[in-house]
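Observations on chain architecture
Each chain, written out:
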Amino acid sequence: MPAPTVEVTIRFAGGPSFGNALVLGDPLGKLGEAVLGTSSNLPIDFSNKTRKAVIRRGRTRVLDKFEAGSCSLEIVDTDGSLDPTGGTYDIKPLHQVRVSATYGGSERFLFSGYIVSWTYNFKKGASAAWINLECMDGFRLLNLAKFTSVVSGTAGETTGTRLGKVLDAISFPATQRDIDTGDTTVQADAGTERNALDAAQLLAETELGGVYMTGEGDVKFVSRSEAIKALDGTATVFDDDGTDIAYEEIALQIDERLLRNKISVTRSGGSAQTVSDSTSITNYFERNMSRSGLLMQTDADALSQANSILAARKDPDLRVQQLTIDSTEDNATRIAAALDLDFYSPITVNRSYPNGNRTTKTLTVQGIQHTITPATFKTTFTTTEPLVAGFILGSSANGILGTSVLAY
C-alpha cells in the first residue's frame, strides 16, 4: 500500500458549503447531499501542479482561543490557465480550497477553507509562473458575518444551543455543524451587533470548552465535560525505542507561560469572582488571569470557573511542546496518527534517556501542522495539559480520590 495520496482541489465558487455540485450524471452529485449548481462549480484537481502545502490549525497555548486554520499552497502554472488576466479560471478571493489525503481506501480532509489571496511570481525567461495561495478556514467567514440578535435567545439555554442559534442567524449550513449541548446555561441574548466568530468564541470561553473548524469544514463545539473526558480516552502512543509509533523529534518544555495563580472571572452584569493560591504565589510570584463579559447566568458559575482554572493551572508541569512524525514512507500506524488525530485527541509520549530513565506524558493535541511536498509528508502536533481538569469516575489516572480535581 502506498503512502498517503494527497489531493488539492479548488472550487471556483463561493459560499460556506463544501458539498458537491448537483450535476446530472455526476456520481458525486447525490440528491439530498449535493449543492445546487452547474459543472462550473465542480472542484478542479490541482494536485499535480502543487509543489508544497503547509497547513496550520489549532492554538499555541491552551489559554488561548483556537485560531483560524490556515493553508499556504505553492502551485506552478505551466500552461497559463491560472493567469489572472486571460487564463481559464475565474480568479477571485474566497474561492473554496480543500486538501485531502487518501490512505487504505479512506479519504481524510486535512483542510477546507477559502482563498484569501493569490500571489503570482514571474521570473524573466521562465516558462512557468509560481503562484502562492494563502487560505483560511471557515473562521474567516464567521469573522465577516455580522448579526444583531438570535431568534428566541432566551435565558437558560445551554452554550451549545445558543451557538446553534448564532449560526442560524448568519445562515451557516446546518449540515456543517458538530455541536455539543454544553454544560453551562447562558443569559438572554443582548441583541447587540457583533460578528459570529466573536460570539462563538465568547460562548466557548463561557463554557470553558472549545470551538474550531474541522478539516472537513464543519464548526466543532466541544463542551467542558467532553474536554475533561478527552484526556481519559484511548491514547495514541509514541516512543523512541521501536515499541510503538516512532517520532522524528520531540520538544519537552516546562515554563511559566501556562502558570496562573490568581484568577478573576466576571460574567456580564455580575461582579468579579477572584480566587488565588498563596503557595503558588510565594513560589512563582503572582500570575494573573482575567476573564470578563462572559455569559453564564450566575456569579456562582463564574466562581466555579475561576476555581477550576486555578486548580489546573497553579503549578507548572512538564509538557510536550511539539512532536513531529514522518509519514512519507508507508507505515500504517504512523500514517493513521498523522491523518486521524485531531484536537483533544489524547497522545502518550515516551522518551528514553541513556541513564535508563524514562519520561512518559499523556496530553491532548491542541495544534496540528502538516508540511507536504511531492516527496515528503510530515506532521507536527503541539500538546498541552487541559485548561480544566476533572474527576472521571472509573479512570485509573483521573479518578483518584484525594488527588484528581473535581470540576464543576
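Look up: the structure comes first, before these words.
What comes next is a walk through the structure. The structure presented is a predicted model; accordingly, all values stated were derived computationally and were not measured.

Bringing helix α2 (residues 159–169) into the picture now. T159, G160, R162, L163, G164, V166 and L167 are the residues of α2 that are buried. Lining the buried residues of α2 we find α1 (139–144), β10 (146–147), β11 (177–179), α3 (196–207), β13 (210–213) and β14 (219–222). The positive-phi residue at the C-terminal boundary of α2 is S171, with phi of around 60 degrees.

Right, let's talk about the pattern of salt bridges for a bit. On inspection of all chains with the given rule, the structure shows 21 salt bridges. A salt bridge links D168 to R177, with the shortest nitrogen-to-oxygen separation between them at 2.9 Å. When its relative accessible area of 47% is taken as the criterion, D168 is described as partly exposed. Here D299 and R267 are joined by a salt bridge, their closest N and O atoms 2.8 Å apart. With a gap of 32 residues between them, D299 in helix α6 (residues 299–313) and R267 in strand β18 (residues 262–267) connect regions that are remote in the sequence.

Interhelical geometry of α2 versus α3 gives an angle of 175 degrees and a closest axis separation of 10 Å. Between α2 and α3, the crossing angle belongs to the class labelled roughly antiparallel. Every residue of α3 that contacts α2 at T159, R162, L163 and V166 is listed here: A196, A199, A200, L203, T206 and E207. Looking at the contact of α2 with α3, its residues break down into six nonpolar, two polar and two charged.

Let us now look at the pairing of strand β5 (residues 50–58). Of the strand pairs in this sheet, β5 and strand β6 (residues 67–77) are connected by seven bridges, and their pairing is antiparallel. Residue pairing for β6: A53 is matched across the bridge by L73.

This part takes up the sheet that holds β11. On the basis of which strands lie adjacent, the open sheet formed by three strands has the order β11-β14-β13 and mixed pairing. Both edges of this open sheet fall to β11 and β13, since each of them pairs with a single strand only. For this sheet, the mean inter-axis angle between neighbouring strands, taken without regard to orientation, is 10 degrees. Across four bridges, β13 lies against β14 in antiparallel orientation. Paired with M213 across the two strands is V219, which belongs to β14. Lying on the sheet, α2 is in contact with β11, β13 and β14; it crosses β11 at an angle near 160 degrees.

Let us look at the side chain of S72. Turning to its location among the elements, S72 is positioned in strand β6. In terms of polar contacts, S72 uses its side chain to reach the side chain of E134, at 2.8 Å. Discounting residues that sit within four places of it in the chain, S72 has contacts with K52, A53, V54, L133 and E134.

The next subject is the side chain of Q176. Among the structural elements, Q176 can be located in the loop between α2 and β11. Judged by its relative accessible area of 5%, Q176 is buried. Residues in contact with Q176, not counting those within four places in the same chain, are P16, S17, F18, G217, D218 and V219.

Further remarks concern α6. One turn of an α-helix holds 3.6 residues; hence residues three or four places apart share an orientation. With 15 residues, α6 should reach 21 Å at 1.5 Å per residue; the first-to-last C-alpha distance of 21 Å fits that figure. Listed as buried for α6 are A302, Q305, A306, S308, I309, L310, A312 and R313. If you follow the buried residues of α6, they end up packed against α3, β18, β19 (273–276), β20 (288–294) and β24 (377–384).

Overall, the coordinates contain 10 aromatic pairs when judged by the stated rule. Taking 5.0 Å as the distance between ring centres and 50 degrees as the angle between the ring planes, the aromatic pair formed by F66 and Y212 counts as tilted. Here Y212 lies in strand β13 and F66 lies in the loop between β5 and β6, a separation of 146 residues in the sequence. The rings of F12, F46, Y89 and W118 are connected pair by pair, giving a single aromatic cluster. Over the ring of F109 we find R98, and its NZ or CZ is 3.7 Å from the ring centre. Between R351 and the ring centre of Y353, over which it is positioned, the NZ or CZ distance is 5.1 Å.

About the cut-offs
Residues numbered from 1 in each chain as written. Predicted model: local features only at pLDDT ≥ 70, side-chain atom pairs only at ≥ 80, totals over all residues. Heavy atoms only, no water. Buried < 20%, exposed > 50% of the residue type's maximum accessible area, 1.4 Å probe, protein only. Helix = DSSP H or I, 4+ residues; strand = E, 2+ residues; numbered from the N terminus. Contact = heavy atoms within 4.5 Å. Salt bridge = Lys/Arg side-chain N within 4 Å of Asp/Glu carboxyl O. Axes fitted to C-alpha atoms, helices over the stretch in contact; angles between N-to-C directions. Parallel < 35°, antiparallel > 145°, perpendicular 65-115°, else oblique. Nonpolar A, V, L, I, M, F, W, Y, C, P; charged D, E, K, R; others polar. Pairing = 2+ DSSP bridges. Polar contact = N/O pair within 3.5 Å; in protein donor to acceptor, adjacent residues only side chain to side chain. Expected span 1.5 Å × (residues − 1). Phe/Tyr/Trp six-rings, centres within 6.5 Å; stacked < 30°, edge-to-face > 60°. Lys NZ or Arg CZ within 6 Å of the ring centre and 35° of its normal.

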